[in-house]
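# Tertiary structure, described
Chain residues, written in single-letter form:
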Amino acid sequence: MSTQPQAPRRRLTITDLRKMKVAGEKIAMVTAYDAAMARLVDEGGADAVLVGDSLGMVFQGHDSTLPVALEHMIYHAAAVRRGLARSAGRAHLTVDMPFGSYQAGADDAVRSAMRLAAEGGAEAVKLEGGADYADVIRRIVRAGVPVMGHIGLTPQSVHRMGGYVVQGKDSEKARRLLDDARAVEAAGCSAIVLECIPAELARVITGELSIPTIGIGAGPHCDGQVLVVNDLLGLDGAFKPKFVKRYAEQGASTAGAVSAYAAEVKQGSFPAEEHSFHSKTLRLVHASEEERPDDAQVVGAPV
Ligand SMILES: Nc1nc(=O)c2c([nH]1)NC[C@@H]1CN(c3ccc(C(=O)N[C@@H](CCC(=O)O)C(=O)O)cc3)CN21
Ligand SMILES: CC(C)C(=O)C(=O)O
Ligand SMILES: [Mg+2]
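Since we're looking at a predicted model, the values are computed, not measured.

### Examining the overall build of the chain
- From N to C terminus, the chain includes eleven helices and eight strands.
- A compact globule built from 303 residues should have a C-alpha radius of gyration of about 19 Å, whereas the chain, at 25 Å, is more than 25% larger.
- Taking all contacts inside the chain whose residues are at least 6 apart in sequence as the whole, residues at least 24 apart take part in 59%.

The following block contains the structure:
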């Protein structure tokens, strides 16, 4: 009997994410920055993986996303791409365009997006900005790369915003964000991230747009949600903004595991017998021994 050929696994496309909005099926997106985590996130059932420029803060240790370079995003995207290739899931892959890779002009933006797709394996790129970026979005989409928008709290504009603060809290600013959302959809975006805006505003934007809205700190009415994986795993005990829910306390459990390991090393109980290798044929000779047979195998002795 021959084994049945396996139906090839089909990865979700950006079009599938749009169909999920129509079907009323919520989209679960999670960030990942390396191959191992990408595989776990994919096998955990995330619909979409984001290689976020938040890696500048959670991976590189900066206090903003501004120092992240296009080369860094390509490096992490390619690692995540390889992780997804080895995993059993079907997540779609979006990669953030970092600060400086698209703001100077549309030609530059198209070149950056093409590198993220060609070298990083991105199936879509995400960029921060509203109506002001309509032309840039149009040009990248025309080049063949789907674009995800991102409005509200846009971390690359931290200095203009005066910190990581909730956006669109008064009627005029909320109106401007709704106009921005409409503008990026009209420019050809396939989806849009809404970050740290009132839930009431996110509900209106979600109802007005035909592309899916993916919220972070934008309430429950969005078509999907995104969280930084380190945050949902509770890896950083000090970082707990209001919108984060921790589904694990891996920061505490990791520090606890290392502490147990260090204690056992110091005490001599690790490695134990079951962690050690042996050889029956090896004849050990101490370096201090005067008479050494010519055929002795010397281990641990200075030459
Ligand atoms: N680990 C991590 N998670 C993120 O979600 C994230 C990053 N890093 N780095 C890039 C940006 C920065 N983000 C942030 C950072 C801090 C707040 C924050 O402290 N927010 C306050 C709200 C302040 C207000 O009331 O306006 C909060 O308490 O949630 C929000 C978003 C979101 N992104
Ligand atoms: C938090 C998400 C939306 C993001 O842009 C990032 O991780 O960089
Ligand atoms: Mg980002």
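So much for the structure itself; the text now carries on.
### Describing the site of ligand 2
- The local shell around ligand 2 consists of Thr-31, Leu-50, Gly-52, Asp-53, Ser-54, Asp-96, Val-193, Glu-195, Ile-216, Val-226 and Val-228.
- Class assignment of the residues belonging to the shell around ligand 2 gives a composition of five nonpolar, three polar and three charged.

### Structural notes on the site of ligand 1
- Taken together, 17 residues are adjacent to ligand 1, and Tyr-164, Val-165, Val-166, Val-228 and Pro-241 come closest.
- Mapped by element, the contributors of at least two residues to the shell around ligand 1 are helix H3 (55-58) and helix H10 (229-232).

### Concerning the environment of Arg-90
- In this fold, Arg-90 is placed in the loop between helix H4 (70-85) and strand S3 (92-96).
- Along the primary structure Arg-90 and Met-148 are separated by 58 residues, whereas in three dimensions their C-alpha atoms are 19 Å apart.
- The contacts of Arg-90, once residues within four sequence positions are left out, are Arg-9, Arg-10, Arg-11 and Leu-12.

### Here's the deal with the packing of helix H5 (residues 106-118) against helix H6 (residues 134-142)
- Running from N to C, H5 and H6 cross one another at 45°; their axes reach a closest spacing of 9 Å. Taken together, the axis directions place H5 and H6 in an arrangement best described as oblique. The element H5 and its partner H6 pack so that their crossing is right-handed. Every residue of H6 that contacts H5 at Ala-106, Ala-109, Val-110 and Ala-113 is listed here: Asp-135, Val-136, Arg-139 and Ile-140.
- Looking at the contact of H5 with H6 residue by residue, the class counts come to six nonpolar, no polar and two charged.

### Considering the UniProt feature "active site" (unreviewed entry) in the chain
- This chain's UniProt record puts "active site" (unreviewed entry) on Glu-195.
- Looking at the secondary structure, you find Glu-195 in strand S6 (residues 191-195).
- In contact with Glu-195, other than residues within four places in its own chain, are His-150, Gly-152, Leu-153, Thr-154, Ile-216, Gly-217 and Ala-218.

### A look at helix H11 (residues 250-267)
- The terminal C-alpha atoms of H11 lie 25 Å apart, and with 18 residues this matches the ideal 26 Å at 1.5 Å per residue to within 8%.
- Counting buried residues along H11, only zero of its 18 residues qualify, which leaves the element largely exposed.

### So, the UniProt feature "binding site: Mg(2+)" (unreviewed entry) in the chain
- Feature annotation in UniProt places "binding site: Mg(2+)" (unreviewed entry) on Asp-53, Asp-96 and Glu-128, given in this structure's numbering. These residues run over 76 residues, yet every pair of their C-alpha atoms falls within 10.9 Å of each other.
- With respect to the secondary-structure elements, Asp-53 resides in the loop between strand S2 (48-51) and H3.
- Once you skip the residues sitting within four places of it in the chain, Asp-53 turns out to touch Thr-65, Val-68, Met-73, Asp-96 and Pro-98.
- Mapped onto the elements of the fold, Asp-96 is located in strand S3.
- With residues near it in sequence (within four places) discarded, Asp-96 still touches Leu-50, Val-51, Gly-52, Asp-53, Met-73 and Lys-126.

### Some remarks on the pairing of S2
- Alternating positions in S2 separate into two faces, Ala-48 and Leu-50 on one and Val-49 and Val-51 on the other, with burial throughout.
- Alignment of strand S1 (residues 27-31) against S2, held across three bridges, turns out to be parallel. When the bridges of S2 are listed, Met-29 appears paired with Ala-48.
- Once you follow S1 into helix H2 (residues 35-43) and on to S2, the crossover reads as right-handed.
- With four bridges joining them, S2 and S3 adopt parallel strand pairing. If you follow Ala-48 over to S3, its bridge partner there is His-92.

### Considering the environment of Gly-163
- Assignment of secondary structure puts Gly-163 in the loop between helix H7 (158-161) and helix H8 (171-186).
- Sequence separation of Gly-163 and Leu-153 is ten residues, and the distance between their C-alpha atoms is 9.3 Å.

### Quick look at the environment of Met-97
- Relative to the assigned elements, Met-97 resides in the loop between S3 and H5.
- Sequence separation between Met-97 and Leu-127 is 30 residues, and the spatial gap between their C-alpha atoms is 5.4 Å.
- Not counting residues up to four positions away in its chain, the partners in contact with Met-97 are Tyr-102, Ser-112, Ala-113, Leu-116, Val-125, Lys-126 and Leu-127.

Conventions adopted
- Residue positions within a chain follow its written sequence, with the count starting from 1.
- Ligands are numbered from 1 and chains lettered from A, in the order in which they are written.
- Confidence filtering applies because this is a predicted model: local features only for residues at pLDDT of at least 70, side-chain atom pairs given and counted only at 80 or more, and all residues used for totals across whole chains, interfaces and linings.
- Numbering goes from the N terminus for both helices and strands, where a helix is a DSSP run of H or I of at least four residues and a strand is a run of E of at least two.
- Each radius of gyration reported is based on C-alpha atoms, and the globular scaling rule is 2.2 Å times the count of residues to the power 0.38.
- A pair of residues counts as a contact when their C-beta atoms, built from backbone coordinates, are separated by no more than 7 Å.
- To decide nearness, the C-beta atom of each residue is placed from the backbone, and the residue is near a molecule or strand if that atom lies within 6 Å of it.
- Side-chain classes follow a simple rule in which Ala, Val, Leu, Ile, Met, Phe, Trp, Tyr, Cys and Pro form the nonpolar group, Asp, Glu, Lys and Arg form the charged group, and the remainder, Gly included, forms the polar group.
- Note on geometry: axes are lines fitted to C-alpha atoms, helical ones only across the stretch in contact, with angles between N-to-C directions running from 0 to 180 degrees.
- Geometric relationships in this document are graded by angle, where less than 35 degrees denotes roughly parallel, more than 145 denotes roughly antiparallel, 65 to 115 denotes roughly perpendicular, and other angles denote oblique.
- Crossings are sorted by hand: turned counterclockwise from the far helix by less than a right angle, the near helix makes the crossing left-handed, and turned clockwise it makes it right-handed.
- UniProt positions are given in the numbering used here, feature names are shortened, and annotations may be inferred rather than shown by experiment.
- Expected helix span is computed as 1.5 Å times (number of residues minus one).
- Here a residue counts as buried when 20 or more other C-beta atoms sit within 10 Å of its C-beta, as exposed when there are 12 or fewer, and as partly exposed otherwise, the C-beta atoms being derived from the backbone.
- The criterion for strand pairing is that DSSP finds at least two bridges linking the strands in question.
- The handedness of a crossover follows from its direction of travel: if, with the strands pointing away from the viewer, the path from the first strand over the helix to the second runs clockwise, the crossover is right-handed.

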